[in-house]
Amino acid sequence: MSLCKRLFTLLAVSLLLPMTVSAADTEIRNIEIGYLQLQLPKPPLLSNILPDPDDSGLQGARVGISDNNAGGRFLGLHYDVKELVSTDKEALFTQGRQWADQGIQYLVVNLPAAELTTLAQQLSDTGVLLFNAGSPDDSLRISNCSANVLHTLPSRAMLGDALAQWLISKKLKRWLLITGTRPEDKLYADAIRRAAKRFGGKIVAEKDWTFDSDLRRSAQAEVPLFTQTTEYDVVIVADEKGDFGEYVLYNTWYPRPVVGTQGLTPVAWHRAVEQWGAAQLQSRFEKQANRWMNSVDYAAWAAVRTVGEALSQGADNSGPKMRNFLLNKDFQFAGFKGRKLTFRDWNGQMRQPIELVQPRALISQSPQEGYLHPTNELDTLGYDKPESQCRISESGAK
Amino acid sequence: MKHLTMRRLALSLLMLPAMSAGTAMADVAYVSNEKDNSISVIDLKTLEVVETIEVGQRPRGITLSKDQTQLYVCASDDDTVQVVDLATKKVIENLPSGEDPEQFALHPDGKHLYIANEEDAIVTVVDVDSRSVTAQIEVGVEPEGMTVSPDGKLAVNTSETTSMLHWIDTEQKHLVHNTKVDQRPRHVVFSHDGKELWASSEIGGTVAIIDVATKEITHKINFEIRGIHPDKVQPVGVELSQDGKLAFVALGPANHIAVVDAKTYKVIDYLLVGRRVWHMAFSPDEKLLLTTNGISGDVSVIDVEKRKVVKSIKVGRYPWGLAVKAD
């Protein structure tokens, strides 16, 4: 009886087999994704105790590749990443061109805005699709758009808006804005000013940080006087590299919270994010990189994963077709942020909630409750369609 | 083979006294509290928590043994499946489970647990009698939902990041098919007749109905709740009534349960429950449906016939899974 049953089961199983999809039966297709990173010299910083990792972005791309492969093998897809990290931008441009000539369709780029724009121009005749995982510059999203570039890293305006929504929800309306000396600090401050206007914050005082003393020794003496201005509810710091901002906390004239690039920070990603299934991504990342995953890692990871998801949802393996597939409103991507992520079809920006974190905890996620939008609440963050001159989906794929 | 059967017989004879002791109690529900490392025991007559059982770290999926004398608990952060003896309310054993077990399903034979190992992209099959791993099957990234068909021939796993359903032949212990579904599939369940498979996609916002014979999606259910952004409607748990007429879908941060006509796949009603509702279980007579609400830290009790939430019961922090034991 039991033998009979076994035989029957075996028979049933063998009948099942012909209609199966298994990777072994199908031809394996190789998908290569290039990764380019410009290694900039590190400026001297006052708060240099915990330096930023050199491989921000690169490690995210690698984890994205292994995530893609884990699913790709069921579809006969194998992913590889080709990497170049260099201090020489010309070498990066040359490599990008060579990879394009070899047939690579996708590049994840971790470059400053100017270099990104140059590379995008140089590759505009190749059909290669670029993912910006390194530059938060708003100009790339509002005026200086490239039709062959999508952005997985949030822009400064998105970060500023996310912060402003939270501040206004908390009734912290009077802001003191302190800006560092670097050009990117000025751009961050611009995003904060724009957000103030959009959401009803009032910048009661603005200060530029120009001190050159060593704050590790003198913050207690310098910062209180420096922050003795018209009374504010909150201090917003624009210091992207972390030169002086860390020393503003707990040293302000009025005992007020510090937010912006230090203190409570709006980010694309942080180790403190563990909701929405993120705990698993964090541990995959840490196993591989031996450090915490940051926003640039997340942007590079999301770029690679987006390609993987689109191919498994039926996109063709070509840069221009991929671009159109991703810009289509039907494309959806689960990126551990609690809601589906899509791309803005006017400027190629990936819509995403922004996390507000302090160094060891997730405090909130924007958009905040009550900030409504006619089509998508996520578009309350950053430059919305009417505010951007870009219409990349109308320019068609090159 | 024969030896094993003898052993099982001996085992079930041994269990008899424990079972009769159990009959003195009412129906009870067990709730795993993910951030409290405990199981809350709810008396289904009084609808009150009567006991709390200490278990391992980050308990998530829970299920009863076939004879209902033991509770299996995925202690995710301890990388083990714990066996709780329900008579003594103590953890009596740690089963090998593979890394980070999250959800599992007991094969109708009562002997094999199919465990989704979330961090390892693997499904581990454990023989609960011999306490050994009989097979490990590679699946997609972040395996989560797990179920076994009523006839025991197929096990299905969902991989959240790969967004696929992986069909496993339970005899051969290998993959026979993969079905691509919407983003982040969380939960799968077979219809009681074994002909359909229901699969929820948390980020996709849909529930897919799959024909088991062809393994193709035949229907997709969408949900729409007034005043709630569609992106926040995130289906997770799915429970099907024994008579095949109704389906209940837990909608996560939308804080609602959808009541679905299981024949026409139309949504009939939405019931407001606690915050971030993920999993559910029926009382043995199916008059009540219980839900775990992670953020509000409670269990909502739904009167199935009246389609009304009749009570919410405070449990531990981040209640996750549910298992119900009949009187």
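None of the values given here were measured: they were computed from a predicted structure.

S.K.: For the sheet that holds strand β13 (residues 354-358) of chain A, give the residues involved together with the corresponding values.
M.R.: Residues and elements named next belong to chain A. Read from one edge to the other, the open sheet built from 3 strands follows the order β10-β13-β14, with strand pairing classed as antiparallel. The strands lining the two open edges of the sheet, one partner per strand, are β10 (265-267) and β14 (361-366). Averaged over all neighbouring strand pairs, the angle between strand axes comes to 35°, with direction disregarded. As paired strands, β10 and β13 are joined by 3 bridges and run antiparallel to one another. Within β13, the position partnered with T265 by the bridge is V357. Where helix α6 (residues 156-169) meets the sheet, it contacts β10, β13 and β14, and its direction lies at approximately 65° from that of β13.

S.K.: Lay out the interface of chain B and chain A with the relevant residues and their values.
M.R.: With 37 residues of chain B at the interface, the matching set in chain A holds 39 residues. The contact between chain B and chain A buries some 3200 Å² in all, and 49% of this surface belongs to carbon and sulfur atoms. The three residues of chain B that bury the most area against chain A are B:Q183, B:I203 and B:D231, which together make up 18% of that side's buried surface. For the pair chain B and chain A, the interface holds 6 salt bridges. Among the salt bridges present, the one from A:R284 reaches B:E142, with a minimum N-O distance of 2.6 Å. For the side of chain B that touches chain A, the element with the most residues is strand β15 (residues 174-180) of chain B, which contributes 6 residues. Among the residues making up the side of chain B that touches chain A, the classes are represented as 8 nonpolar, 12 polar and 17 charged.

S.K.: An account of empty space enclosed by the protein is needed here, citing residue identities and associated values.
M.R.: Residue and element names in this part refer to chain A. Considering all chains together, one arrives at 3 cavities of 30 Å³ or more under this definition. The volume enclosed by the largest cavity comes to roughly 80 Å³. Looking at the lining of the largest cavity, the elements that each hand over two or more residues are α2 (58-72) and α10 (295-312). Considered class by class, the residues forming the lining of the largest cavity number 3 nonpolar, 6 polar and 4 charged.

S.K.: So, the pattern of salt bridges: which residues are in play, and what are the values?
M.R.: Residues and elements named next belong to chain A. Counted according to the given criterion, the structure contains 50 salt bridges over all chains. Linking R198 and D161 is a salt bridge whose minimum nitrogen-to-oxygen distance equals 3.3 Å. Taken together, the residues R198 in helix α7 (residues 183-199) and D161 in helix α6 connect sequence positions 37 residues apart. The exposure class of R198 is partly exposed, given its relative accessible area of 30%. We note a salt bridge from E286 to R271, for which the minimum N-O separation is 2.4 Å.

S.K.: A description of the sheet that holds strand β16 (residues 185-190) of chain B should follow, citing residues and the corresponding values.
M.R.: Residues and elements named next belong to chain B. Strand order in this open sheet of 4 strands is β16-β17-β18-β19, and the pairing throughout is antiparallel. Strand pairing shows two members of the sheet lacking a second neighbour, β16 and β19 (216-222), which therefore form its edges. Within the sheet, the average angular offset between the axes of one strand and its neighbour, ignoring direction, is 20°. Pairing analysis gives 6 bridges linking strand β17 (residues 196-201) to strand β18 (residues 206-211), with the strands arranged antiparallel. For L197, the partnering residue across the bridge sits in β18 and is I210.

S.K.: Give me the lowdown on the confidence of the model for chain A, citing residues and values where you can.
M.R.: Of the residues in chain A, 91% have a pLDDT of 70 or more, and the chain-wide mean is 90. Below a pLDDT of 50 lies the segment residues 1-25 of chain A, which in the model reaches 22 contacts outside its immediate sequence neighbourhood of four places, other chains included.

S.K.: Outline the packing of aromatic side chains, listing residues and values.
M.R.: Within the structure shown, the criterion is met by 12 aromatic pairs over all chains. An angle of 40° between the planes, with centres 5.9 Å apart, marks the rings of A:W301 and A:F333 as tilted. Placement of A:W301 in helix α10 and of A:F333 in strand β11 (residues 333-334) is noted, with a sequence separation of 32 residues between them. Just as A:W301 is buried, A:F333 falls in that class too. With centroids separated by 5.8 Å and ring planes inclined at 55°, the aromatic side chains of B:W198 and B:Y265 adopt a geometry described as tilted. A residue pair is termed long-range when its members are at least 10 positions apart, and B:W198 in strand β17 and B:Y265 in the loop between β22 (256-261) and β23 (267-272) qualify at 67 residues. Both residues of the pair, B:W198 and B:Y265, count as buried.

S.K.: Lay out the pairing of strand β25 (residues 288-293) of chain B with the relevant residues and their values.
M.R.: Residue and element names in this part refer to chain B. With respect to burial, β25 is a largely interior element, 6 of its 6 residues being buried. Burial along β25 is two-sided: L288, L290 and T292 and L289, T291 and N293, pointing in opposite directions, are all buried. Bridge analysis of strand β24 (residues 277-282) against β25 gives 4 bridges, and the strand direction is antiparallel. Residue pairing in the sheet places F282 in a bridge with L289 of β25. Counted along the chain from β24 to the antiparallel partner β25, the turn is 5 residues long, and its residue E286 has a positive phi close to 60°.

S.K.: Describe the UniProt feature "domain: YNCE-like beta-propeller" (unreviewed entry) in chain B, listing the residues and the values that go with them.
M.R.: In the numbering adopted here, UniProt assigns the feature "domain: YNCE-like beta-propeller" (unreviewed entry) to residues 29-101 of chain B. Between the C-alpha atoms that bound residues 29-101 of chain B there is a distance of 21 Å. The span itself is 0% helix and 60% strand.

S.K.: Give me the lowdown on the nonpolar core, citing residues and values where you can.
M.R.: Residue and element names in this part refer to chain A. Counting 49 residues, the largest nonpolar core has Y106, Y298, W301, M322 and L326 as the members making the most contacts within it. Only β1 (29-38), α2, β2 (77-86), β3 (106-110), β4 (129-132), α9 (278-289), α10 and α11 (319-327) provide two or more residues apiece to this core. The biggest single contributor to this core is α10, with 10 residues. Residue contacts for M322: discarding those within four places in its chain leaves Y106, L129, V307, A310, L311, A315 and D316.

S.K.: Pulling in residues and values, what's your account of the environment of A:M158?
M.R.: Residues and elements named next belong to chain A. Inspection of the secondary structure puts M158 in helix α6. Spatially, the C-alpha atoms of M158 and T261 are 13 Å apart, while their sequence positions differ by 103 residues. When near neighbours in sequence (up to four residues on either side) are disregarded, M158 contacts R344, Q349, M350, Q352, I354, L381 and G382.

S.K.: Mind laying out the domain arrangement of chain A, listing which residues take part and the relevant values?
M.R.: Residue and element names in this part refer to chain A. Assigned domains within chain A: domain 1 (26-154 + 270-347) and domain 2 (157-267). Taken together, the 13 residues of domain 1 in the interface contact 15 residues of domain 2. Together, the buried faces of domain 1 and domain 2 total about 1300 Å²; carbon and sulfur atoms form 57% of this surface. Summed over the shared surface of domain 1 and domain 2, the number is 0 salt bridges. Counting the contacts that link domain 1 with domain 2 gives 1 residue pair in polar contact (both at pLDDT 80 or more). Here the residues of the side of domain 1 that touches domain 2 sort into 6 nonpolar, 4 polar and 3 charged.

S.K.: Mind laying out the UniProt feature "domain: Leucine-binding protein" (unreviewed entry) in chain A, listing which residues take part and the relevant values?
M.R.: Residues given the UniProt feature "domain: Leucine-binding protein" (unreviewed entry) here are residues 57-211 of chain A. The distance from the first to the last C-alpha atom of residues 57-211 of chain A is 32 Å, and the span holds 47% helix and 23% strand.

Basis of the calculations
- Residues numbered from 1 in each chain as written.
- Chains lettered and ligands numbered in written order.
- Predicted model: local features only at pLDDT ≥ 70, side-chain atom pairs only at ≥ 80, totals over all residues.
- Heavy atoms only, no water.
- Pairing = 2+ DSSP bridges.
- Helix = DSSP H or I, 4+ residues; strand = E, 2+ residues; numbered from the N terminus.
- Axes fitted to C-alpha atoms, helices over the stretch in contact; angles between N-to-C directions.
- Contact = heavy atoms within 4.5 Å.
- Buried area = accessible area lost by both parts, 1.4 Å probe.
- Salt bridge = Lys/Arg side-chain N within 4 Å of Asp/Glu carboxyl O.
- Nonpolar A, V, L, I, M, F, W, Y, C, P; charged D, E, K, R; others polar.
- 1 Å grid on protein atoms, 1.4 Å probe; cavity = no way out; pocket = protein on both sides within 12 Å on 5 of 7 lines; lining within 4 Å.
- Points joined across faces, edges and corners; volume = space filled by probe spheres on them.
- Buried < 20%, exposed > 50% of the residue type's maximum accessible area, 1.4 Å probe, protein only.
- pLDDT = per-residue confidence, 0-100.
- Phe/Tyr/Trp six-rings, centres within 6.5 Å; stacked < 30°, edge-to-face > 60°.
- UniProt positions renumbered as here; feature names shortened; annotations may be inferred.
- Core = buried A, V, L, I, M, F, W, Y, C linked by side-chain atoms within 4.5 Å.
- Domains from an automatic or database assignment.
- Polar contact = N/O pair within 3.5 Å; in protein donor to acceptor, adjacent residues only side chain to side chain.

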